[in-house]
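The residues making up each chain are set out below.
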Amino acid sequence: FNWQDISILKSFVGKKLVKIRHDTFDVDNTVMCVVELVFDDSTYCIINSLDAIRYYSCPVEDIPCFHIHEGPNPYDMIKLIDDAVEAGIEKISIVTDTVNAIKKDGIDTFINTITSGVIFTFSDKHELGFERYSDFIEGINIHKGYNVLSQFEGPEYWLDGLEEDFDATAERAVTVFE
């Protein structure tokens, strides 16, 4: 999420989320690239779409990144189903993972900060989480229940596939807006 997206997300605190809309679950709890958020007075989408960014040691790579879109689903080819929520949002948590890596020869270093997901906590304390599916697929995992952060992949997930000639660590931060 960029700073404008975070500003929009913060504005959701105190609002009633009527329902979410997403495509059908073909594999587990994963949907393709868009989840529509329907409030009493407005509609927004969480979109996981490709952005050209510096990623790991590549100069530029097309990587799925979260964004907020104001309005209904912009992708006509993705048909959505309704999933009722009918609950007030008490807080929103942004989950961010940071990978610090240095090449063992000391020549190449990088820091990648990855928005792994967002969690809505409702007034009755149940949660709804949206997690990035992977580095290269625009899927979104939807998690429901309590303590949904425990259902997210850990920050070390982002180390998988990293070249063996790198020493790397991964850390997680959760920023909460109430």
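The structure under discussion appears in the preceding block.
Model, not experiment: these values are computed from the prediction.

The rules behind each value
Residues numbered from 1 in each chain as written. Predicted model: local features only at pLDDT ≥ 70, side-chain atom pairs only at ≥ 80, totals over all residues. Heavy atoms only, no water. Phe/Tyr/Trp six-rings, centres within 6.5 Å; stacked < 30°, edge-to-face > 60°. Helix = DSSP H or I, 4+ residues; strand = E, 2+ residues; numbered from the N terminus. Buried < 20%, exposed > 50% of the residue type's maximum accessible area, 1.4 Å probe, protein only. Core = buried A, V, L, I, M, F, W, Y, C linked by side-chain atoms within 4.5 Å. Patch = residues over 30% accessible without salt bridge, like charges linked within 9 Å, V, L, I, M, F, W, Y side chains within 5 Å. Areas by Shrake-Rupley, 256 points an atom, 1.4 Å probe, with all protein chains shown as cover. Salt bridge = Lys/Arg side-chain N within 4 Å of Asp/Glu carboxyl O. Polar contact = N/O pair within 3.5 Å; in protein donor to acceptor, adjacent residues only side chain to side chain. Contact = heavy atoms within 4.5 Å.

Undergrad: Just to check I follow, could you spell out the packing of aromatic side chains for this structure?
TA: One pair of aromatic rings is described through two measures. These are the centre distance and the angle between the planes. For the structure shown, the criterion picks out 6 aromatic pairs. Measuring from ring centre to ring centre gives 4.7 Å for F12 and F39, while their planes differ by 40°; the resulting arrangement is tilted. Of this pair, F12 sits in the loop between α1 (3-11) and β1 (16-22) while F39 sits in strand β3 (residues 34-39), and the two are 27 residues apart along the sequence. Using a relative accessible area of 0% as the deciding quantity, one classes F12 as buried. Ring geometry for F12 versus F120: centroids 6.3 Å apart, planes at 80°, classification edge-to-face. Taken together, the residues span a long stretch of sequence, with F12 in the loop between α1 and β1 and F120 in strand β7 (residues 109-122) at a distance of 108 residues. An aromatic cluster of at least three residues, connected via ring pairs, comprises F12, F39, Y44, F120 and F130.

Undergrad: Looking at this structure, I do not really get the nonpolar core. What am I missing?
TA: The nonpolar side chains of a soluble globular protein tend to be buried, and buried together. Judged by nonpolar contacts, the single largest core of 26 residues is most densely connected at F12, L17, I20, L37, V118, F120 and F130. Of all the secondary structure elements, the ones that give two or more residues to this core are β1, β3, β4 (43-55), β5 (58-70), β6 (81-103), β7, β8 (127-132) and β9 (139-145). With 5 residues, the single largest contributor to this core is β6. Grouped together as the second largest cluster of nonpolar side chains are 7 residues, V99, I114, W158 and L162 included.

Undergrad: Explain a nonpolar patch on the surface to me, please; I cannot follow it from the model alone.
TA: On the surface, M32, Y133 and I137 cluster together to form a nonpolar patch covering roughly 240 Å² of accessible area. Along the chain, I137 turns up in the loop between β8 and β9. Judged by its relative accessible area of 41%, I137 is partly exposed.

Undergrad: Before we go on, may I ask you to explain the side chain of H22 in this structure?
TA: Within the fold, H22 resides in strand β1. Only 3.3 Å separates the side chain of H22 from the side chain of D83, close enough to count as a polar contact. Ignoring any residue separated from it by four or fewer positions in sequence, one finds H22 in contact with V31, V34, V35, K79, L80, I81, D83 and I142.

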